[in-house]
Amino acid sequence: MASLDSSIRSAARATSSAYRSLPIRWRLAGGSAALTLVILCGFAAIVGVLTTRQIHEDFHDEVARSADTLQKNALLRIVPVNGQATLRPVRSRVDLDDFAASQNAAIRVITEDDLVGWRTANAPDFGTPYRKTSEVDGWRVETRPVEVLSYPDRWFLQYGRKVSDIQDTANRVKVFLAFGVLGGALLALLAGLATARRAMEPITELTAAARRIEHSRDPSLTLPHPEADDEVAELATTLDAMLLALDGARTETESALIRQREFVADASHELRTPLTSVLANLELLEEELTGEQRDTASSALRSSRRMRRLVGDLLLLARADAGRQAPHQAVDLSEVVTEAAAELEPVAGDHEISVAAPAGMHVAGARDELHRLVLNLMENALRHTDPGTAVEATVERWNGAVILAVEDDGPGIPADLSEKIFERFYRGTGDRSGSSGLGLSIVRAVAESHQGSVRLEEPLDGRGARFVVRIPTA
């Protein structure tokens, strides 16, 4: 019993879940059709019962009237046939054979002792004539006493019709009612769908407008308002108020971000002057001091240089965020790559740096920013590969753009990190020098500020990492 109850509950939950998963218009139309079906079924049942009962009553009355007509008009007499007395109807008043044939009926004339005096060809045995009305083997039988001329015994006329004649009519009525119920339910479903679709049009318009706002990401757009003052209109008003509030919050947030970016850019710019002074003094102290004091000054100098590098990175990113762009001019990217490789050569250690950069690869840009882009890409390759690894930088022109590719044959970068490595302050597990995590984000910022792009692509020889920068030609 417990298992049966759990099965019933599970089936009920599944049915409820399937119903809730249907669209609203189908639920509305289905509910309307189901209600119409219930009403029509009840109506059809009542009409079917009443109609069938009336058909049977009319049939019984018709059989009784026909029997009464025969009782009044049938005239029978005994006539000799082949030397025997035989009962025959008198044709001058009513023809029993024609009357029976016209109504698909059967007639018998018998005595009280079940002696059949006359019958139609299709008449079965209707039994004894003692009951006025009876049903025998599917026949509705009415019995009436009749007079036989020149014969004193009592005679009875049995008139019968098949009940199946009206049963076919009753079945046709039931079929008609069943088709009417199904047709009415189908029409209710179609009408419900049309009504629901019409009723859902304002919500469809709201959905389309919300989708446009989603794609444009512009909360200042307005939503359509239905003409009727109903729940949908209230929803549209509420959503409009929400979008207005979001637009205000977005404006405030953007203003705060702009102020923050400008502050970072200004602060980074202002920090460069005192850092330059500190570096100059530390370099002077390093030359003048000896012993432990010289080591201390050298350590402070290294930290200050790292700070100057970090401030420069932050300044570049802040300017990019604030939309400040350095003046652009024609720059030979090949020269920039060669200079960056020469700058890194003393600190490359056992790494092999090779450059393939033919002259004349001009782009429109800021030389210092492009130098930082190349330097960061090559430093990234040196930092994340083992000693003895080859690092190659190539520059070529293709399809209206200058292509800079920096490739190494190190351990490579997993494909799932191809976008994450360009995020700010992201540091890979193979970082060997404790970098700030801004190198590749600066590469992307510089590339985008020059209307270009940077991507991590599959290495040509199948191993290592390959960064490709595309910048339009000057």
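This text follows the structure it describes.
Numbering of residues starts from 1 in each chain and follows the order in which that chain's sequence is written. Whole-chain, interface and lining totals are the exception, using all residues; otherwise, since this is a predicted model, local features are given only for residues with pLDDT of at least 70 and side-chain atom pairs are given and counted only at 80 or more. Side-chain numbers come from the whole structure's heavy atoms, not from hydrogens or water.

Before going further, it helps to examine the sheet that holds strand β6 (residues 139-146). What the 5 strands build is an open sheet, ordered β4-β3-β8-β6-β5; its pairing is antiparallel. At either end of the open sheet lies a strand with only one pairing partner, and these are β4 (116-119) and β5 (133-136). On average, each strand axis in the sheet is tilted by 25° relative to the strand beside it, whichever way the strands run. Pairing analysis gives 4 bridges linking β5 to β6, with the strands arranged antiparallel. When the bridges of β6 are listed, Val136 appears paired with Trp139. Sheet strands touched by helix α2 (residues 24-73): β3 (105-111), β5, β6 and β8 (155-162). Its angle to β6, the strand with the most contacts, is close to 25°. A pair of strands is considered paired only if DSSP assigns at least 2 bridges between the two. A run of DSSP states H or I qualifies as a helix once it reaches four residues; a run of E qualifies as a strand once it reaches two. Both are numbered from the N-terminal end. Simply put, an axis is a line fit to the C-alpha atoms, just over the touching stretch for a helix, and the angle between two N-to-C directions goes from 0 to 180 degrees. Should any heavy atoms of two residues lie within 4.5 Å, those residues are counted as being in contact.

Now for the sheet that holds strand β15 (residues 465-472). With mixed pairing, the 5 strands of this open sheet are ordered in space as β10-β12-β13-β15-β14. Pairing within the sheet leaves two strands with one partner each, and these edge strands are β10 (352-356) and β14 (453-457). Adjacent strand axes in the sheet meet at a mean angle of 15° when their direction is disregarded. Looking at chain direction, strand β13 (residues 401-408) and β15 are connected through 8 bridges and run antiparallel.

Okay, the pattern of salt bridges next. Counted as salt bridges are all cases of a side-chain nitrogen of Lys or Arg within 4 Å of a carboxyl oxygen of Asp or Glu. Applying the stated criterion across every chain, the model contains 12 salt bridges. Its salt-bridge partner being Asp68, residue Arg144 comes within 2.6 Å of it at the nearest N-O pair. With a gap of 76 residues between them, Arg144 in strand β6 and Asp68 in helix α2 connect regions that are remote in the sequence. Relative accessibility under 20% of the residue-type maximum defines a buried residue, over 50% an exposed one, and the middle range a partly exposed one, all with a 1.4 Å probe and only protein chains included. Since its relative accessible area comes to 5%, Arg144 is described here as buried. Among the residues examined, Asp68 registers a relative accessible area of 29% and is labelled partly exposed. Put simply, Arg444 and Glu419 hold a salt bridge, and the shortest N to O gap is 2.9 Å.

Our focus in this paragraph is the packing of helix α8 (residues 367-383) against helix α9 (residues 439-449). Across the interface, α8 lies against α9 with an axial gap of 9 Å and an inter-helix angle of 145°. Considering how the two elements wind past one another, α8 and α9 form a crossing that is left-handed. Residues Glu369, Leu370, Arg372, Leu373, Asn376, Leu377 and Asn380 of α8 lie in contact with α9, whose contacting residues are Gly439, Leu440, Ile442, Val443, Val446, Ala447 and Ser449. For the contact of α8 with α9, the residue count by class is 8 nonpolar, 4 polar and 2 charged. Left-handed is the label given to a crossing in which the near helix is rotated counterclockwise from the far helix by less than a right angle, and right-handed is the label when the rotation is clockwise. Note that Gly is not counted as nonpolar here; it falls among the polar residues with everything else outside the nonpolar set of Ala, Val, Leu, Ile, Met, Phe, Trp, Tyr, Cys and Pro and the charged set of Asp, Glu, Lys and Arg.

A few words now on a negative patch on the surface. Nonpolar side chains (Val, Leu, Ile, Met, Phe, Trp, Tyr) within 5 Å and like charges within 9 Å form the patches, drawn only from residues with over 30% relative accessible area and no salt bridge. Each accessible area is a Shrake-Rupley result for a 1.4 Å probe, and residues are judged covered by the shown protein chains and nothing else. The convention is simple: Lys and Arg are positive, Asp and Glu are negative, and His and the chain ends are not counted. Note that the charge is assigned to NZ on lysines, CZ on arginines, CG on aspartates and CD on glutamates. Where like charges cluster on the molecular surface, the negative patch consists of Asp229, Asp230, Glu231 and Glu234. Along the chain, Asp229 falls in the loop between α4 (164-216) and α5 (231-288).

Expected span of a helix: the number of residues minus one, times 1.5 Å. Spanning 12 residues, helix α7 (residues 333-344) covers 17 Å between terminal C-alpha atoms, matching the ideal 16 Å at 1.5 Å per step. Of all the residues in α7, the buried ones are Leu333, Ser334, Val336, Val337, Ala340, Ala341 and Leu344. Looking down the long axis of α7, one finds its buried residues gathered within 160° of arc, a one-sided arrangement. Each element contacted by the buried residues of α7 is listed here: β9 (329-332), β10, α8, β12 (390-398) and β13. Polar contact criterion, stated in full: a pair of N or O atoms within 3.5 Å, where within protein one must be able to donate a hydrogen and the other to accept it, and residues adjacent in sequence count only if both atoms are side-chain atoms. Measuring from the backbone nitrogen of Ser334 back to the side-chain oxygen at the start of α7 gives 3.1 Å, which picks out Asp332 as the cap. Here the arc refers to the directions that run from the helix axis out to each C-beta atom.

Our focus in this paragraph is the nonpolar core. Counting 42 residues, the largest nonpolar core has Leu373, Leu377, Met378, Leu404 and Val469 as its most contacted members. For this core, the secondary structure elements donating two or more residues are α6 (291-321), α7, α8, β12, β13, α9, β14 and β15. Among the elements that make up this core, the one with the highest residue count is α8 (8 residues). Not counting residues up to four positions away in its chain, the partners in contact with Leu404 are Leu333, Val337, Leu373, Val374, Leu377, Thr394, Val395, Phe467, Val468 and Val469. For this analysis, a nonpolar core means a set of buried residues of the types Ala, Val, Leu, Ile, Met, Phe, Trp, Tyr and Cys, connected via side-chain atoms within 4.5 Å. Of all hydrophobic cores here, the second largest spans 22 residues; its members include Leu70, Ala74, Leu157 and Ile166.

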